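Below, each chain spelled out in residue letters.
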Amino acid sequence: MGSIIRYHNLFETRRLVCLLGVVFGLALMIQYFGFPYGYAVSSLFTANGGQISSSQRVDQSGNFSSVVNATNTNLINETTNEPKLSDANNEEVEDGSMPPMNERSGDTLTEDVDPEDESPFKDSKLDNKSNVESLGRNSSLPPDKAVDSEDDLQVSNSTSESSLSRVVDTDGGGSISPAPTEAKSLEISPTALSITPPPLVVTPQVNLDAKKEAPLISSYQNISEKEGNTGHLLESDNLPVQKRTDHAPTVGHKIPVMKESDKPIDSVVSIAEMNVMQQETRTSFRSMKPRWSSDVDQELLHAKSVIENSPLAGNEPGLYAPLYRNLSMFMRSYELMEQILKVYIYTEGARPVFHTPVLKGIYASEGWFMKLLKRNKKFVTKKPKKAHLFYLPFSSRMLEETLYVPDSHSRRNLVRYLSDYLDIIIQRHSFWNRTTGADHFLVACHDWAPAETERIMANCIRALCNADIKEGFQFGRDVSLPETYIRAEKNPLREIGGKRLSKRRTLAFFAGNMHGYLRPILLNNWENKDPDMKIFGKISKVSYVQYMKSSKYCICAKGYEVNSPRVVEAIFYECVPVIISDNFIPPFFETLNWEAFAIFVPEKDIPKLKDILVSIPDRRYREMQRRVKLVQQHFLWHVKPVKYDIFNMILHSIWHNRVFGVRTR
């Protein structure tokens, strides 16, 4: 009897050991193959064959079959509920407003002064404009000749070499925390997305339902990981290529070829020349013809006629005519916007890239706009056929934070992610195809947004902080978005205002990190050279704000890119902005007369900076400073939007460009 019991115990022990071994082996296999969501099917589809295109796929027999991208479908079925960002997360956003790839510049946020996200590509030979892969700069090439650098790469699904890992909470609220690992993958609970794993089926022909979910983020990270640290791919790189159609033209349309006049300009364009260009595009720019007519087109045409024939406006409380290009047209356009504008917000898109506004730091403009528009019952409609505009609710900041692989020197996977998102929009809705995206818009403040959207969203109205003529900004279509540095989410108007004129004893002030080529030139010419010119490198936040409040002129010098939060900060602290950034289009340029309240100094004239400022008569300075205080209302965020504030002005700029660019069949 005892031997039987011992034999039974030995058998049970062996069975338990075998079971543990099987479990351990499965765990190792899951970790090896990198199934961040527990779904094996996507890795089976992508590990050997690369990314499955949503346009056309060549099967083993050489036949083409239309399929839905297996990784695309993680983008759909995301609700538009507002994310509940914890205070801890908000602090992380502020402290992390400098992306990790800028660590080599020596910039830190200990003083919380200059957390500008400057592109590391500017100093990289791998991002030279002469490279073939310039992320859409070659859009003048025909589709069969262009190198679709963001699209023409097959993708490995391994996640073991990722650089950063982020975890999204299971309630879908968008709370994000860094994981203690070097891998940059996104773990999204099936509960958070309310999804059901697709069945595991291995067949030569892959045909997935577009409404089923599959992992996404890790596949996009591996586009950069596959490159390693070699940067952009060159013509000599022999990688498998899978042709796709561009999103700008849909079925039946050709890729729009850029005219010589539309291509980036190498020379400096003065503010006076920009004024002329803006006026010319008001009468000449037209968006793509719609493929079929809609009642909203007639409403827009009627609005355009009414605006162009606006009677001279009388005195409007709070509006000062010299601040505007045409006060009568602005007032009539704004009034019509409030009366008829309807915006449809796509519900597709997975957090945190979509539907997750960042409300603190220098990217706050895109986050606050997203948050306030979603809550707006007057402008938002759930009936897309009645919409004049369609909003693509992604955060360019979260796109970079989630998907960029540090030191990879490539935005390829970021562009692919947006491209596949548009695939889903096109598959599920017909609205993009009607105008090829001309009635769609995006609001993006990250420096990389122009390059990320230049091709795949070529026809959209793009509200961009990085509004640079040389980067392809197009008058009449694109909108210059104010870059606002929000330090207090619950009270964005904290510390507003400055000292009265008699207390502003400093002639000019600048402080900041040495981003780009221009700021070192500014400091070499003026740091510790003149007691009236307070030009510094990095200083404390307290000193920074006090200098802003007590200076006559605040120097807004570009960093790596043309945009800087100092432009809005100067207005916030009632200091006359001095913009030193060639080819920068200031915010709300289609509406505001910037020369009425700001000074524009060419970069080449930095050695003459004091002479230029001293030559301005005191009477003119006093008037400009008064106008800064009057225009300030257009650059303020309110927890609940008020008339003519920055939220409504951004929306009006987008509305304005849609009205004056509308076409009918």
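Residue positions are given per chain, counted from 1 along the sequence in the order it is written. Residues qualify for local features only when their pLDDT is at least 70, as the model is predicted, and side-chain atom pairs are given and counted only at 80 or more; totals for whole chains, interfaces and linings, by contrast, use all residues. Values shown for side chains rest on all heavy atoms present in the structure; no hydrogens or waters enter the calculation.

K.L.:
How do you make sense of the overall build of the protein chain when you look at a structure like this?
P.N.:
For the purposes of this entry, the term helix denotes a DSSP run of H or I that reaches at least four residues, the term strand denotes a run of E that reaches at least two, and both are numbered from the N terminus. Summing up its helical and strand segments, the protein chain has 19 helices and 15 strands in all. Throughout, a contact is declared for two residues whenever any of their heavy atoms are within 4.5 Å. Taking as baseline every contact in the protein chain between residues at least 6 positions apart, the subset at least 24 positions apart corresponds to 76%. Under the convention used here, a 1.4 Å probe and the Shrake-Rupley method define accessible areas, while residue burial counts only the protein chains that appear. Here the protein chain has roughly 27800 Å² of accessible surface; of this, 53% comes from carbon and sulfur atoms.

K.L.:
Mind showing me how you'd approach helix α8 (residues 327–340) here?
P.N.:
Each α-helix turn comprises 3.6 residues. Residues three or four places apart therefore point the same way. One less than the residue count of a helix, multiplied by 1.5 Å, gives the span that helix is expected to have. Helix length check: α8, at 14 residues, gives a terminal C-alpha distance of 20 Å against a target of 20 Å (1.5 Å per residue), a fit within 8%. For every residue, the accessible area (1.4 Å probe, protein chains only) is compared with the maximum for its type, and the residue is labelled buried under 20%, exposed over 50%, or partly exposed between those bounds. For α8, the full list of buried residues reads L327, S328, M329, F330, M331, S333, Y334, L336 and M337. Where α8 is buried, its residues meet α6 (271–284), α7 (295–308) and α19 (646–661). Contacts described as polar in this section are N or O atom pairs within 3.5 Å, which, within protein, must combine one atom able to donate a hydrogen with one able to accept it, while residues neighboring in sequence count only if both atoms come from side chains. At the N-terminal end of α8, a side-chain oxygen is found 3.2 Å from the backbone nitrogen of S328, two or three residues along, and the residue is N326.

K.L.:
Looking at this structure, how should I read a positive patch on the surface?
P.N.:
Here a patch means residues that are over 30% exposed by relative accessible area and free of salt bridges, tied together within 9 Å if like-charged and within 5 Å if nonpolar (Val, Leu, Ile, Met, Phe, Trp, Tyr). Each reported salt bridge corresponds to a side-chain nitrogen of Lys or Arg within 4 Å of a carboxyl oxygen of Asp or Glu. We count Lys and Arg on the positive side and Asp and Glu on the negative side, and we leave His and both chain ends out. Note on charges: their place is set at NZ of Lys, CZ of Arg, CG of Asp or CD of Glu. A cluster of like positive charges, contributed by K499, R500, K503 and R505, occupies part of the molecular surface. In this structure, K499 sits in the loop between β10 (479–480) and β11 (506–510).

K.L.:
How should I be thinking about helix α14 (residues 518–526) in this particular structure?
P.N.:
All buried positions along α14 are accounted for by L518, R519, L522, L523 and W526. Summarising the axial view, the buried residues of α14 lie within an arc of 130°, below the 170-degree limit, and thus occupy one face. Looking at the buried residues of α14, the elements they touch are β11, β12 (533–535), β13 (551–557), α16 (566–572), β14 (576–580) and α17 (609–614). Directly beyond the C-terminal end of α14, a positive phi value near 60° is found at N528. Within this analysis, the arc is defined by the directions that extend from the helix axis to the C-beta atoms.

K.L.:
Can you help me understand the pattern of salt bridges in this one?
P.N.:
For side chains bearing opposite charge, pairing can occur when the charged atoms are close. For the structure shown, the criterion picks out 16 salt bridges. Residues D297 and R658 are paired through a salt bridge, measuring 3.9 Å at the closest nitrogen-oxygen approach. Of the two residues, D297 sits in helix α7 while R658 sits in helix α19, which places them 361 residues apart along the sequence. The pair D297 / R658 is uniform in exposure class, with both members buried. The structure contains a network of salt bridges with shared partners spanning D297, R434 and R658.

K.L.:
Help me understand the state of the cysteines in this model?
P.N.:
By definition, a disulfide links the sulfur atoms of two cysteine residues through a covalent bond. For the purposes of this analysis, a disulfide is any pair of cysteine sulfur atoms at a distance within 2.5 Å. Inspection of every chain in the model, using the stated rule, returns two disulfides. Here C445 engages in a disulfide with C465; their sulfurs sit 2.0 Å apart. When the S-S torsion is -90°, as for the bridge of C445 with C465, the disulfide is left-handed. Taken together, the residues span a long stretch of sequence, with C445 in the loop between β8 (440–444) and α13 (449–453) and C465 in the loop between β9 (461–464) and β10 at a distance of 20 residues. For C445, a relative accessible area of 1% puts it in the buried group. C554 shares a disulfide with C575; S-S distance 2.2 Å. One disulfide, between C554 and C575, carries an S-S torsion of 110° and so falls in the right-handed class. Note that C554 is positioned in strand β13 and C575 in the loop between α16 and β14, a separation of 21 residues in sequence. We classify C554 as buried; its relative accessible area is 0%. The class for C575 is buried, based on a relative accessible area of 0%. Among the cysteines of the protein chain that take part in disulfides, numbered as they appear in the sequence, the pairing is 1-2, 3-4.

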